[in-house]
Amino acid sequence: MSAIYLDYNATTPIDPQVAEAMLPYVHGLYGNPSSGHSFGLEARKGVDSARRQVADLLGCQSDELIFTSGGTEANNHAIKGVAFAHRNRGNHIITSNIEHPAVTEVCHYLEGHGFRVTYLPVDELGLLDVGQVENALTDETILVTIMHANNEVGSIQPIAEIADVSHRRGVLVHTDCAQSVGKIPVKVGDLGVDLLSVAGHKLYAPKGIGALYIKPGVELEKFMHGASHEQNRRAGTENVIEMVGLGMACHLIEENLAVYSSHMREMRDSLEQGLVKTGADLRINGHPDKRLPNTSSISFKGVEADRILASLPTVAASAGAACHSDRVEVSHVLAAMGVPTDYAIGTLRFSVGRFTTRDEIEATVTEVDGEVRKVAMSAASLD
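Residues numbered from 1 in each chain as written. Predicted model: local features only at pLDDT ≥ 70, side-chain atom pairs only at ≥ 80, totals over all residues. Heavy atoms only, no water.

Enquirer: Before we go on, may I ask you to explain the nonpolar core in this structure?
Expert: When a protein is soluble and globular, its nonpolar side chains tend to lie buried together. L58, L196 and F350 are the most contacted members of the largest nonpolar core, which totals 88 residues. Ranked by residues supplied to this core, first place goes to helix α9 (residues 240-277) with 15 residues. For F350, the residues in contact, after removing those within four places along its chain, are L6, L271, L275, N294, T295, S296, I298, V315, A317, T364 and V368. With 21 residues, the next largest nonpolar core counts A78, I79, V106 and I142 among its residues. (Core = buried A, V, L, I, M, F, W, Y, C linked by side-chain atoms within 4.5 Å. Buried < 20%, exposed > 50% of the residue type's maximum accessible area, 1.4 Å probe, protein only. Helix = DSSP H or I, 4+ residues; strand = E, 2+ residues; numbered from the N terminus. Contact = heavy atoms within 4.5 Å.)

Printed below as a string of structure tokens:
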């Protein structure tokens, strides 16, 4: 069998329908959307249509969205934008200790600029306690930023409840939805957030495009300076080709989410059930129900994940730990969840997608089982 891609949480292929929608803007509709002539007006139509498609998926108005270069920029814009625009009100930010670096590194940056950040712990299932958020709020808190779903274990956070307790204290809420959009319903009204980040390459659109939802009335310091593009919030000539791609990707999700989600859950569950049936000593990380339908973090006891991955002939997945000659580096997510080290070192993350097939899942189970047994036998022989 050819290579099996089970790393959809890292990135997704461009959906063929997305690529098709982009082609006219590659070959002919090359005008600058800010130009007043026919070439520019045709490009502007593409941008406006794409913005409506993203807005429809998120359940917001078109003028509440700006396009960005991806999820990282959207997170930076949201978090730094609030921090510097509201610094006169307070300097306290609340986040969790399992966020993506696109959030944690921004928070670390702000700590070097006079801001105080509280990193809340999660439980053994990777979930945040809403009560902890409420207790952490102070008169100095200006922002709570919590991811909607975790990229490693898939646990889905209670964002609506977090937003509710935060808003009672007049605190803004941002959520990173890079992993959740396209897998579960994501509507700004249901989540109750003020800011929401989207990453195109996680939902079958191109790399290099994303979006940020900004609730009306939310004040942000401008992130990109220059001309007055994107409602004077982000300067820079619009990336029309990729905006159109993101729009079509969101349209496909809006039309087919139930089908996509059901297929991913079926593939993920088949994978987990198949690996459990092998009799391997393993544990599945994350909440059994409050988890993305495509994400499976599986820890094999007593083996090294990077050795398993290196020996897999066809399966592409991710490791949750890296073993070196003098130390073991367990991911910050698994460490925060308290996964025992003898399991954590053998953690593989499999993330299926809309193009994953049952044959691929069956082949993966056989291949992973074989390699886990080989690695375990090799480790035992060295003891």
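On we go.
Enquirer: Quick question: what am I supposed to make of the state of the cysteines here?
Expert: Joining two cysteines, a disulfide is a covalent bond between their sulfur atoms. Overall, the coordinates contain zero disulfides when judged by the stated rule. Free cysteine: C60, not disulfide-bonded; nearest cysteine sulfur from C250 at 10.0 Å. Judged by its relative accessible area of 1%, C250 is buried. (Disulfide = S-S within 2.5 Å.)

Enquirer: Whenever I open this one, the environment of A319 confuses me. Can you help?
Expert: When you line up the elements, A319 lands in strand β12 (residues 318-319). It is 31 Å that separates the C-alpha atoms of A319 and L191, two residues lying 128 residues apart in sequence. Setting aside residues up to four positions removed in sequence, A319 forms contacts with A305, D306, L309 and T347.

Enquirer: How should I be thinking about the environment of E254 in this particular structure?
Expert: Positionally, E254 belongs in helix α9. Here the alpha-carbon distance between E254 and E111, two residues 143 residues apart in the chain, equals 38 Å. With sequence-adjacent residues up to four places away left out, E254 is seen in contact with D56, L57 and K187. One polar contact links E254 to K187, side chain to side chain, over a distance of 3.3 Å. (Polar contact = N/O pair within 3.5 Å; in protein donor to acceptor, adjacent residues only side chain to side chain.)

Enquirer: Mind showing me how you'd approach the packing of helix α2 (residues 38-58) against α9 here?
Expert: Axis separation between α2 and α9 bottoms out at 8 Å; the angle between their running directions is 35 degrees. Judged by the twist between their axes, the crossing of α2 over α9 is left-handed. Between α2, through A43, G46, V47, A50, Q53, V54, D56 and L57, and α9, the contact on the second element is made entirely by V240, M243, V244, L246, G247, M248, C250, H251, I253 and E254. Residue composition of the contact of α2 with α9, grouped by class: 12 nonpolar, four polar and two charged. (Axes fitted to C-alpha atoms, helices over the stretch in contact; angles between N-to-C directions. Left-handed = near helix turned anticlockwise from the far one by under 90°. Nonpolar A, V, L, I, M, F, W, Y, C, P; charged D, E, K, R; others polar.)

Enquirer: Is there a simple way to explain the sheet that holds strand β8 (residues 210-214) in this structure?
Expert: The strands making up a sheet associate through backbone hydrogen bonding, with each pair oriented either parallel or antiparallel. The sheet built from seven strands is open, its strands ordered β2-β8-β7-β6-β5-β3-β4 with mixed pairing. Sheet topology places β2 (65-68) and β4 (116-120) at the edges, where each strand pairs with a single neighbour. Taken pair by pair, the neighbouring strands of this sheet meet at an average axis angle of 20 degrees, ignoring direction. In the packing of helix α4 (residues 101-111) onto the sheet, contacts are made with β3 (92-96), β4, β5 (141-145) and β6 (172-176), and the angle to β4 comes to roughly 145 degrees. With respect to the sheet, helix α6 (residues 159-167) is in contact with β5 and β6, its orientation differing from that of β6 by roughly 160 degrees. (Pairing = 2+ DSSP bridges.)

Enquirer: Looking at this structure, how should I read unusual backbone geometry?
Expert: Trans peptide bonds make up the majority, and among non-glycine residues the majority have a negative phi. In the Ramachandran plot, Y204 falls in the positive-phi region, its phi being about 75 degrees despite a non-glycine side chain. Relative to the elements of secondary structure, Y204 occurs in the loop between β7 (195-199) and β8. The buried category is assigned to Y204, whose relative accessible area is 5%. With a phi angle near 50 degrees, E230 is a residue other than glycine that sits in the positive phi range. Note on placement: E230 falls in helix α8 (residues 229-232).

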